[in-house]
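Below, each chain spelled out in residue letters.
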Amino acid sequence: WDNADFSRGVGTTFYQEFSTLNTAKPPFVRDVEAKVRRYMRSSYSAAWTLKITWEKAPVHAAWTDTRKTITYQAVLTTDGFRSYILMLYQDGGMQWDYTRLTSTNVLIGYT
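Conventions used here
- Every chain is numbered on its own, with residues counted from 1 as its sequence reads.
- The predicted nature of this model means local features are confined to residues of pLDDT at least 70 and side-chain atom pairs, given and counted, to a pLDDT of 80 or more, with totals for whole chains, interfaces and linings taken over all residues.
- Calculation of side-chain values draws on the structure's entire complement of heavy atoms; hydrogens and water are dropped beforehand.
- Only buried Ala, Val, Leu, Ile, Met, Phe, Trp, Tyr and Cys residues count toward a nonpolar core, and they belong to the same one when joined by side-chain atoms within 4.5 Å.
- Categorising residues by exposure relies on relative accessible area from a 1.4 Å probe, with only protein chains included: less than 20% of the type maximum marks a residue as buried, more than 50% marks it as exposed, and the intermediate range marks it as partly exposed.
- Runs of E in the DSSP output that reach at least two residues are strands. Runs of H or I that reach at least four are helices, and both are numbered from the N terminus.
- Each residue carries a pLDDT score, the predictor's own confidence in it, on a scale running from 0 to 100.
- Any two strands between which DSSP finds at least two bridges are classified as paired.
- Under this scheme, a helix contributes an axis fitted over its contacting stretch, all axes are lines through C-alpha atoms, and angles between N-to-C directions fall in the 0 to 180 degree range.
- Take a side-chain nitrogen of Lys or Arg and a carboxyl oxygen of Asp or Glu: if they are within 4 Å of each other, that pair is a salt bridge.
- Centres within 6.5 Å make a pair out of two Phe, Tyr or Trp rings, where for Trp the six-membered ring is used; the pair is then stacked when the planes are under 30 degrees apart, edge-to-face when over 60, and tilted otherwise.

Asks: I keep staring at the nonpolar core and nothing clicks. Help me out?
Replies: One recurring pattern in soluble globular proteins: nonpolar side chains tend to sit buried together. Counting 10 residues, the largest nonpolar core is built from L50, I52, W54, A57, V59, I70, Y72, A74, M87 and W96. Taken together, the elements giving at least two residues each to this core come down to β2 (48–58) and β3 (69–78). With 4 residues, the single largest contributor to this core is β2. Counting 9 residues, the second largest nonpolar core, distinct from the first, contains F18, V36, V75 and Y84.

Here it is as structure tokens:
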């Protein structure tokens, strides 16, 4: 979540929390559960989920080109015992020119 620069008033960040321990689950949480079950090949029922969205985030430093943006999400979820994170990127949405970043070891995702 590095190298985004919102100092020029371009782009936004927002979040939505879903506490679903003893409540009905919205479609978004059911979709997250289905992804975790599919990729981890195990049963999973979310007790809490947090969706963070970076919308049209310009690259650092924004003074270079505020038209080249990226929209992506991090979804953190837990059942109280196991926790997962989903990194979701807008299809074809990587507009940053990574060859012009100050760091040359660019990584999308996490390790």
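Text resumes after the structure shown.
Asks: How should the confidence of the model for the protein be read in this particular structure?
Replies: The predicted structure's coordinates, where accompanied by low pLDDT, should not be read in detail. For the protein, mean pLDDT is 82; residues scoring 70 or higher make up 77% of the total. The secondary structure element of the protein with the lowest average pLDDT is strand β4 (residues 83–89), at 89, and the one with the highest is helix α1 (residues 27–40), at 95.

Asks: Where do I start with the sheet that holds strand β1 (residues 12–19) in this structure?
Replies: Across a sheet, paired strands are connected by hydrogen bonds in the backbone, their directions being either parallel or antiparallel. Read across the sheet, 4 strands follow the order β1-β2-β3-β4 without closing on themselves; strand pairing throughout is antiparallel. This sheet does not close on itself; its edge strands, each paired only once, are β1 and β4. Neighbour-to-neighbour, the strand axes of this sheet turn through a mean angle of 10°, independent of strand direction. Here β1 pairs with β2 via 8 bridges, running antiparallel. Among the inter-strand pairings, T12 is bridged to a residue of β2, identified as E55.

Asks: Looking at this structure, how should I read the pattern of salt bridges?
Replies: A pair can form between side chains of opposite charge whenever their charged atoms are brought close. All told, the structure shown has 4 salt bridges when counted by the stated rule. The shortest N-O distance in the salt bridge between E33 and K25 comes to 2.6 Å. A salt bridge links E33 to R37; its shortest N-O distance comes to 3.8 Å. One end of the pair, E33, and the other, R37, are both in helix α1, 4 residues apart, so they sit about a helical turn from each other. Residue classification places E33 among the buried residues on the basis of a relative accessible area of 4%.

Asks: Looking at this structure, I do not really get the packing of aromatic side chains. What am I missing?
Replies: Remark: the centre distance and the inter-plane angle together describe each pair of aromatic rings, the angle taken between the planes. Tallied over the full model, the rule gives 4 aromatic pairs. With centroids separated by 5.3 Å and ring planes inclined at 25°, the aromatic side chains of F18 and F28 adopt a geometry described as stacked. Of the two residues, F18 sits in strand β1 while F28 sits in helix α1, which places them 10 residues apart along the sequence. The exposure class assigned to F18 is buried, which follows from its relative accessible area of 10%. Measuring from ring centre to ring centre gives 5.9 Å for Y72 and Y89, while their planes differ by 20°; the resulting arrangement is stacked.

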